[in-house]
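# Structural features, examined
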Amino acid sequence: MSGTRREIPNDPGRKERILDAALDVIAEGGVHKTTHRKIAARAQVPLGSLTYYFDGIDDLLAQAFARLADTMSLLYRQTVHAAASTAEAEAAVIELICGPAYATDRDMTLIFEMYAYANHNEAVSVTARTWLERSRESLALHFTPGVSRALDALIEGWPMHRAFDDAPLDRQLVTETVHAIVTAAPRLSATTAGRRPGNGRRGGPQ
């Protein structure tokens, strides 16, 4: 299986370079225009390298989207984890929504592509669902389950609106909305009590 194959000795990091190249190709033209040949050209590797590491285009795309999810989940967690108080955690959420580092235009394009592909690929669906769970676990460092669920929906959904509106977000409105959700913690916790986390897809999901 591709997951057990060893790195080519004279080209360390080739697999990761191929995955990054795949994400570049997807961001530029979409999954429907992504081919082995385009990925190999972008990664500057022989076409045969792709069949060495991956069991077909579906496997390659699934691993590329998993790499995207891992990278964004790490930044998400680092941003929230750095907060030392609830107020700082609120500020971290606002930064995830409005800041330049998370959910860039390229990220949003890739996320849209991932969600669409997840509807037809079980491995990518699992990646999306796991990403949702990891995001809520990160928020749970500071917030109740109900608040975490609501904030995660904002962190995912507001940048989507920004992408389609093609306009900057109103940071003050975001700040007021995040604070309102956090102060509604007892009510949100009560309405989500007893629910199992992560039953749906991400985008459906996060």
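Note: the structure precedes this text.
For the chain, the helix and strand inventory stands at 10 helices and zero strands. Listed N to C, the secondary structure of the chain is α-α-α-α-α-α-α-α-α-α in terms of helices and strands. In the chain, buried positions account for 45% of the 206 residues. The contacts in the chain between residues at least 6 apart in sequence include a share of 74% that link residues at least 24 apart. Within the structure as shown, the chain displays about 10600 Å² of accessible surface, and the carbon and sulfur contribution to it stands at 55%.

Attention shifts here to the packing of helix 6 (residues 105-118) against helix 8 (residues 145-165). It is the contact of helix 6 with helix 8, at a shortest axis distance of 10 Å, that shows an interaxial angle of 105°. Looking at the two axes, helix 6 sits roughly perpendicular to helix 8. Contacts between helix 6 and helix 8 pair Asp105, Met108, Ile111, Phe112 and Tyr115 from the former with Glu156, Pro159, Met160, Arg162, Ala163 and Phe164 from the latter.

One non-glycine residue, glutamine 44, lies in positive phi territory at about 60°. Examined against the element boundaries, glutamine 44 turns out to sit in the loop between helix 2 (36-43) and helix 3 (48-53). Exposure remark for glutamine 44: the relative accessible area of 71% places this residue in the exposed category.

Conventions adopted
Residues numbered from 1 in each chain as written. Predicted model: local features only at pLDDT ≥ 70, side-chain atom pairs only at ≥ 80, totals over all residues. Heavy atoms only, no water. Helix = DSSP H or I, 4+ residues; strand = E, 2+ residues; numbered from the N terminus. Buried < 20%, exposed > 50% of the residue type's maximum accessible area, 1.4 Å probe, protein only. Contact = heavy atoms within 4.5 Å. Areas by Shrake-Rupley, 256 points an atom, 1.4 Å probe, with all protein chains shown as cover. Axes fitted to C-alpha atoms, helices over the stretch in contact; angles between N-to-C directions. Parallel < 35°, antiparallel > 145°, perpendicular 65-115°, else oblique.

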